[in-house]
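Each chain, letter by letter, is given below.
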Amino acid sequence: LAVARVAPDQLLNYLDVLYPVNETFYDIPASTLTPVQIREKLVGVAEPVIGTEKAAAANELLKHKSTPNGGVSVTEELKYSIKVSRQNSIHASPTVLWDGLIQGQVSSSWGEKEWTDFFNANVTA
């Protein structure tokens, strides 16, 4: 969310470089890291894509707020996403909403072809 906020035009490029290293952030490999360290590593992955200045801005968004349970600057966006999921009875991932409706045909095993077919069938603009 922090990368999307500081470099929305680079989000897909960030996801392209994040995906090959996503196992670094799985439970066991990340189990010895603090949440702050994980955030720093995620921004480190983004930096070659978004640049040093925007990476610094993303790091700022991921710093704890002044209150003990205030989260970080993107916490409210995360809460909103969770709220949308809960109001739609979504408790498992991946569940995809398209125009506010659950798309049950979407699968975690989808590759580029399936996503391309889905978007071609659903994007009319």
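Residues numbered from 1 in each chain as written. Predicted model: local features only at pLDDT ≥ 70, side-chain atom pairs only at ≥ 80, totals over all residues. Heavy atoms only, no water.

**With respect to the packing of aromatic side chains**
As enumerated under the stated definition, the model contains seven aromatic pairs in all. Judged by centre distance (4.9 Å) and plane angle (75 degrees), the ring pair of Trp110 and Trp115 falls under edge-to-face. These aromatic residues form a ring-pair network of at least three members: Trp98, Trp110, Trp115, Phe118 and Phe119. (Phe/Tyr/Trp six-rings, centres within 6.5 Å; stacked < 30°, edge-to-face > 60°.)

**Description of the packing of helix 2 (residues 11-18) against helix 4 (residues 35-50)**
The contact between helix 2 and helix 4 brings their axes to 9 Å, and the two run at 120 degrees. In terms of orientation, helix 2 and helix 4 fall into the oblique class. Crossing handedness for the pair helix 2 and helix 4: right-handed. From helix 2, Asn13, Tyr14, Val17 and Leu18 reach across to helix 4, where they touch Leu42, Val45, Ala46 and Val49. Its residues assigned to classes, the contact of helix 2 with helix 4 shows seven nonpolar, one polar and no charged. (Axes fitted to C-alpha atoms, helices over the stretch in contact; angles between N-to-C directions. Helix = DSSP H or I, 4+ residues; strand = E, 2+ residues; numbered from the N terminus. Parallel < 35°, antiparallel > 145°, perpendicular 65-115°, else oblique. Left-handed = near helix turned anticlockwise from the far one by under 90°. Contact = heavy atoms within 4.5 Å. Nonpolar A, V, L, I, M, F, W, Y, C, P; charged D, E, K, R; others polar.)

**Describing the layout of surface pockets**
Of the pockets and cavities examined, the largest pocket occupies roughly 670 Å³. No other element matches helix 2, which puts four residues into the lining of the largest pocket. Lining of the second largest pocket is provided by 19 residues; of these, Leu1, Arg39, Leu42, Leu62 and Val74 occupy positions nearest its centre. Broken down by element, the lining of the second largest pocket gets its largest block of residues, five residues, from helix 4. Residues that form the lining of the second largest pocket fall into these classes: 16 nonpolar, two polar and one charged. (1 Å grid on protein atoms, 1.4 Å probe; cavity = no way out; pocket = protein on both sides within 12 Å on 5 of 7 lines; lining within 4 Å. Points joined across faces, edges and corners; volume = space filled by probe spheres on them.)

**Re the pattern of salt bridges**
Opposite charge on two side chains permits pairing when their charged atoms draw close. Counted under the stated rule, the structure contains four salt bridges. Ionic pairing is found between Glu77 and Arg5, a salt bridge with its closest N-O pair at 2.2 Å. One end of the pair, Glu77, is in helix 6 (residues 75-87); the other, Arg5, is in helix 1 (residues 2-6), and 72 residues separate them in sequence. Glu77 sits in the partly exposed class, given a relative accessible area of 30%. Overall, Arg5 belongs to the partly exposed group, its relative accessible area being 40%. (Salt bridge = Lys/Arg side-chain N within 4 Å of Asp/Glu carboxyl O. Buried < 20%, exposed > 50% of the residue type's maximum accessible area, 1.4 Å probe, protein only.)

**Things to note about a nonpolar patch on the surface**
On the surface, a nonpolar cluster with roughly 250 Å² of combined accessible area is contributed by Leu1, Leu78 and Ile82. By the secondary structure assignment, Ile82 is in helix 6. By relative accessible area, Ile82 is classed as partly exposed at 35%. (Patch = residues over 30% accessible without salt bridge, like charges linked within 9 Å, V, L, I, M, F, W, Y side chains within 5 Å. Areas by Shrake-Rupley, 256 points an atom, 1.4 Å probe, with all protein chains shown as cover.)

**Notes on the nonpolar core**
Of all hydrophobic cores here, the largest spans 16 residues; its most connected members are Ala2, Val6, Tyr14, Ile50 and Leu62. At the level of secondary structure, the elements contributing two or more residues to this core comprise helix 1, helix 2, helix 4 and helix 5 (52-61). The element that contributes the greatest number of residues to this core is helix 4, accounting for four residues. Once residues within four sequence positions are removed from consideration, Val6 is found in contact with Ile50, Lys54, Ala57, Ala58 and Leu61. (Core = buried A, V, L, I, M, F, W, Y, C linked by side-chain atoms within 4.5 Å.)

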